[in-house]
Amino acid sequence: MASLRISSGRLFAYFVLLVVPSLIALSLPLYNVVDPTLGGIPFFYWFQTVLLGSTVIPYAIFSWAENKRTSKREGMP
Amino acid sequence: MDTSTIVGVFLALFAVFVFLGFYAARWRKGDLNQVQEWSLAGRRLGTWLAFFLVGADLYTAYTFVAIPSAVHGSGALFFYAVPYVLSTFAIALVFGPKLWRITREKGYITGSDYVKGRFDSRGLGVLTAIIGIISLLPYIALQIVGMQAVLAIMLSSTNLGASVQDLSLVIAFLVLAAFTYTSGLRGATLTAVFKDILIWVTVVAILVGVLTSVGNLGTQFSTLKPLGTGTLTLKPADSWNYLTYAIGSAFALYLYPHAINGILSAEDERKLRLSTSLLPLYGVGLALLALMGLLVNFVPSALAIVTSKTIGGGANYLGGLLTVPALAVTVLPPWLAGVALLGIFVGGLVPAAIMAIAQANLLTRNIVKEFKPGISERTEVRISKWASAVFKFLALGFVFLLGNNFTYAVQLQLLGGVLIIQLLPSLFLSLYTNFFKKWALGVGLVAGISTGLILEIFESVSTGALQTFYVTPIGGLFVAVIAVGVNLLFSVVLSLGRKQTAVLPIS
C-alpha cells in the first residue's frame, strides 16, 4: 500500500486540532474556580461542558482533512 | 407518583424495544451464520449508525447512574468524566481509523486477532482476549446496577419487594439474551438508535424540568455545601486524582473489546473518522447528567428519594444511584417519567448486550479456536451466540452475589479500566511503531496487570470498599495510570536493542 508522507506543517496542525483541546481540558488551575458563574452554575462545571461541546469543531476539521488524504491515497495507483 | 402510568408507558416502550431487537435479524439481511455478519453487523454501518452504536457504548449506566451518583456523593472530583470523554475521542481519531484499515485488509474481526497477527504470537493473542473478557465483567455489572436503580424507583410505591425487582431483571436479561442470539450486533444497533432517541428526550426533559422547578440557581448554589468536601470546586488535594482518572479512562475506553467492535463494524474509514469526531456532542449530555448530582440537592422531593434508606427493598441502599431516576419521577409528568425510566433502563441493557457480544467473539475466535482449530464457521458462531448469553448471566450473578453496596458503582468501570489499559502498547502503540518486541510486551502486560491488581487489592482491603486510586505523596493516583506506567517501562526497556521482528508493514 502506498503511503503519503506526513509533512511537519500538517503534523503541527494535527497537534493543535487533537492535542490542544485535551491540554486545555486538563489545565485544572485554569478553571477550578467558582466565578464567573453562568446562570448560577459555577465556572468549573459550565466551562468544561462548553469546552467539551465546542471540541467538535477542531475534531471535525481534523477528520475532514485526514479524510481527504485517505481519498487521495486510495486514488493512487 | 402515578406508578400505573409510569409502569404502563415503560412496558409499552419495552415491547417496542424487544420488537426492534428481533426485527433486526431481517434488517439488511445477511447470513447470520457468518461471524462478521453476526458480530460486526456485516461491517456495513455508515456514519450515523456507527455514531449511534459507538455512542451507545459511551452512554451507559456509567453516564446515567454511576457518574451522577458519584458527583452527588463526592462533588467535583467525579466531574473528571468530562475531560475524560473530551480526550478519549482524540485518541480514538488517532488509532481507530488505522486499526480499521489494517483489520479490513487482513480480515481480522477482533483486537486479539490483530495482536496475534501483528506479533506472530498466539500467546499474546490469547492473553489479549483474556484481558478483554475479564475487563468487561465489572463494566457489565455496572449496567446491571443501573437497571436495578430504575426498577427500585418504579416499584418503590408498590408493596412488591426486592425479589420482584430481581425477577424483573432476570426476565429483561432473558429477553435480551434471546434477541442477541438471533440478531447479533444488528439487534444491538437498531435498539441503540431507539435508546439514543429516548435518552436525548430524557436528558433535555429532566434538564428543563429541574431548571423550571428550582428557581434561581445562583442562590441555590450559594447555599450548597457539597457533601463531604465543603467546596463546590475541586479540592487541591484531589487534583492528581482528577487528572489521572481522566487520562487513564481516556486511554482505556477505546481498548475495550466492545469499542473495538464498534470501530470494526464501520463501513468505511472516512465514515468512522467523521462519526468519531462528532461524538463530543454526545458528551455534552453526559456533562449535564453529571451536573444532576448537584442539582438534585435543590429538588426536595427527589432528594428525599435519594436519601431514603428504604427504597431498593429494605437492606438495599442505593442512595445517589437514584439521582437521575428520582429526578425523572419528581420533575416530569408521569408519562414522560415512564419514557425516561425506560431510556435509563435500556441505557444499561443495550451496552450490556454489545459488551457480551464482544466477549463471546473473543472467547470463540481467540481462545477456543486456538486450542481447537478445526471447528467450522457455523460452530464458531453457535458457540459465540451461547457464550454471549452466558457472559450476561455471569455478570448478573456477580451483582446478586456482591449484594447491595454500589453507591460508588463508578468504581466498577474504573476497575475495568485498570485491566484494559494494559493493552495500550500492543494494540494501539504498535499501529504506529515497530519498536515493541513480543516478549517485551508479554512481560510488560503481566507486570502491568500484577501491579494493578496488587494496588487494587491493597487499597480496597485497607479502605474496606472497592477503590481505584492509590495514595501517593502528591495525592491519590488512578491505579490504571501507575500500572500502565510499569507496563510501558518493561515493554520499552526489554524491547531496546532487539532486532526488528515486524511482521506487519506499517504505513
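The preceding data block contains the structure.
Residues numbered from 1 in each chain as written. Chains lettered and ligands numbered in written order. Predicted model: local features only at pLDDT ≥ 70, side-chain atom pairs only at ≥ 80, totals over all residues. Heavy atoms only, no water.

Draft legend 1. How the structure looks around the overall build of chain B. When its secondary structure is counted, chain B shows 22 helices and two strands. The buried share of chain B, reckoned over its 507 residues, is 64%. Long-range contacts, defined here as pairs at least 24 residues apart, represent 84% of the contacts in chain B between residues at least 6 apart. Carbon and sulfur atoms form 69% of the exposed surface of chain B, whose accessible area is close to 16800 Å². (Helix = DSSP H or I, 4+ residues; strand = E, 2+ residues; numbered from the N terminus. Buried < 20%, exposed > 50% of the residue type's maximum accessible area, 1.4 Å probe, protein only. Contact = heavy atoms within 4.5 Å. Areas by Shrake-Rupley, 256 points an atom, 1.4 Å probe, with all protein chains shown as cover.)

Draft legend 2. Quick look at the pairing of strand β1 (residues 469-472) of chain B. Residues and elements named next belong to chain B. Direction of pairing for β1 relative to strand β2 (residues 475-478): antiparallel, over a ladder of four bridges. The residue of β2 that forms the bridge with F469 is F478. Following β1, the chain reverses through two residues before pairing antiparallel with β2. (Pairing = 2+ DSSP bridges.)

Draft legend 3. Geometry of the interface of chain A and chain B. Across the contact, 35 residues belong to chain A and 39 residues belong to chain B. For the pair chain A and chain B, the summed buried area comes to about 3300 Å², and 72% of that belongs to carbon and sulfur atoms. Along the contact surface separating chain A from chain B lie one salt bridge. A salt bridge links B:E269 to A:R73; the shortest N-O distance between them is 3.6 Å. Inspection of the region where chain A meets chain B yields ten residue pairs in polar contact (both at pLDDT 80 or more). If you list the elements that add at least two residues to the side of chain A that touches chain B, you get α1 (8-25), α2 (28-31), α3 (43-54) and α4 (56-75) of chain A. With eleven residues, the single largest contributor to the side of chain A that touches chain B is α4(A). Class assignment of the residues belonging to the side of chain A that touches chain B gives a composition of 19 nonpolar, 13 polar and three charged. (Buried area = accessible area lost by both parts, 1.4 Å probe. Salt bridge = Lys/Arg side-chain N within 4 Å of Asp/Glu carboxyl O. Polar contact = N/O pair within 3.5 Å; in protein donor to acceptor, adjacent residues only side chain to side chain. Nonpolar A, V, L, I, M, F, W, Y, C, P; charged D, E, K, R; others polar.)

Draft legend 4. Focus on unusual backbone geometry. Following A:D35, the chain continues to A:P36 via a peptide bond in cis, the omega torsion being 0°. Of note, A:P36 is situated in the loop between α2 and α3. A positive phi is found at B:D120, a non-glycine position, where the angle reads about 45°.

Draft legend 5. Summary view of helix α17 (residues 334-371) of chain B. Residues and elements named next belong to chain B. For α17, built from 38 residues, the straight-helix expectation of 56 Å at 1.5 Å per residue is met to within 8% by its first-to-last C-alpha distance of 54 Å. Roughly 25° is the biggest bend found in α17, and it falls at L363. Of all 38 residues that make up α17, 32 are buried, and the element is covered over most of its length. (Expected span 1.5 Å × (residues − 1). Bend = angle between axes of the 7 residues up to and from the residue.)

Draft legend 6. A look at the pattern of salt bridges. Enumeration over the complete set of coordinates arrives at ten salt bridges over all chains. Its salt-bridge partner being B:E269, residue B:R101 comes within 3.1 Å of it at the nearest N-O pair. Here the residue B:R101 occupies a position in helix α5 (residues 81-106), and B:E269 occupies one in helix α13 (residues 269-278), the gap between them amounting to 168 residues. There is no split in this pair, since B:R101 and B:E269 are both buried. Taking the shortest distance from any N to any O, the salt bridge between B:K116 and B:E370 comes out at 2.9 Å. Of this pair, B:K116 sits in helix α6 (residues 111-119) while B:E370 sits in helix α17, placing them 254 residues apart in sequence. Residue classification places B:K116 among the partly exposed positions, given a relative accessible area of 31%. One network of salt bridges, with partners in common, ties together A:R73, B:R101, B:E269 and B:R273.

Draft legend 7. Fine view of the nonpolar core. All names here are of chain B. Ranked by size, the top nonpolar core spans 180 residues in total, and within it Y80, Y84, Y242, Y254, L341, F345 and F428 carry the most contacts. For this core, the element with the most residues is α17, which contributes 16 residues. Beyond its immediate sequence surroundings of up to four residues, L341 is in contact with I6, F10, V150, I153, M154, P325, A328 and V329. In this structure, V126, I133, A360 and A387 belong to the second largest nonpolar core, which totals nine residues. (Core = buried A, V, L, I, M, F, W, Y, C linked by side-chain atoms within 4.5 Å.)

Draft legend 8. Structural context of the packing of aromatic side chains. Under the defined criterion, the tally for this structure stands at 26 aromatic pairs over all chains. When the centroid spacing of 4.7 Å and the interplanar angle of 75° are considered together, the rings of A:Y14 and A:F62 count as edge-to-face. Taken together, the positions of A:Y14 in helix α1 and A:F62 in helix α4 put the pair 48 residues apart, joining distant regions of the chain. Each member of the pair A:Y14 and A:F62 is classed as buried. On the basis of an interplanar angle of 75° and a centroid distance of 6.4 Å, the ring pair of B:F89 and B:Y254 is categorised as edge-to-face. Of this pair, B:F89 sits in helix α5 while B:Y254 sits in the loop between α11 (239-253) and α12 (257-264), and the two are 165 residues apart along the sequence. Overall, B:Y254 belongs to the buried group, its relative accessible area being 4%. Through a chain of ring-to-ring contacts, three or more aromatic side chains come together here, namely A:Y31, A:F43, A:F44, A:Y45, A:W46, A:F47, B:F79 and B:Y242. Between the NZ or CZ atom of B:K98 and the centre of the ring of B:Y432, over which it lies, the distance is 4.5 Å. (Phe/Tyr/Trp six-rings, centres within 6.5 Å; stacked < 30°, edge-to-face > 60°. Lys NZ or Arg CZ within 6 Å of the ring centre and 35° of its normal.)

Draft legend 9. Local environment of helix α14 (residues 280-295) of chain B. With 16 residues, α14(B) should cover 22 Å at 1.5 Å per step; its first-to-last C-alpha distance of 23 Å lies within 8% of that length. With 13 of 16 residues buried, α14(B) lies mostly within the body of the structure.

Draft legend 10. Fine view of the side chain of A:N67. Residue placement: A:N67 occurs in helix α4. Within polar-contact distance, the side chain of A:N67 engages the side chain of B:R273 at 2.6 Å. If sequence neighbours within four positions are ignored, A:N67 has contacts with B:R270, B:R273 and B:L274.

Draft legend 11. Representation of the packing of α4(A) against α13(B). Closest axis-to-axis distance for the α4(A)/α13(B) pair is 8 Å, and the angle between their directions is 175°. What the angle tells us is that α4(A) and α13(B) run roughly antiparallel. On the side of α4(A), the interface is formed by A:V56, A:Y59, A:A60, A:F62, A:S63, A:E66, A:N67, A:T70, A:S71, A:R73 and A:E74, while α13(B) contributes B:E269, B:R270, B:R273, B:L274, B:S277 and B:L278. Across the contact of α4(A) with α13(B), the residue classes break down as six nonpolar, five polar and six charged. (Axes fitted to C-alpha atoms, helices over the stretch in contact; angles between N-to-C directions. Parallel < 35°, antiparallel > 145°, perpendicular 65-115°, else oblique.)

Draft legend 12. Structural detail: a nonpolar patch on the surface. All names here are of chain B. On the surface, V443, L489, F490, V492, V493, L494 and L496 cluster together into a nonpolar patch covering about 570 Å² of accessible area. With five residues, the top contributor of residues to the nonpolar patch is helix α22 (residues 479-495). Relative to the helices and strands, V492 resides in helix α22. Look at V492 and you get partly exposed, because its relative accessible area is 33%. (Patch = residues over 30% accessible without salt bridge, like charges linked within 9 Å, V, L, I, M, F, W, Y side chains within 5 Å.)

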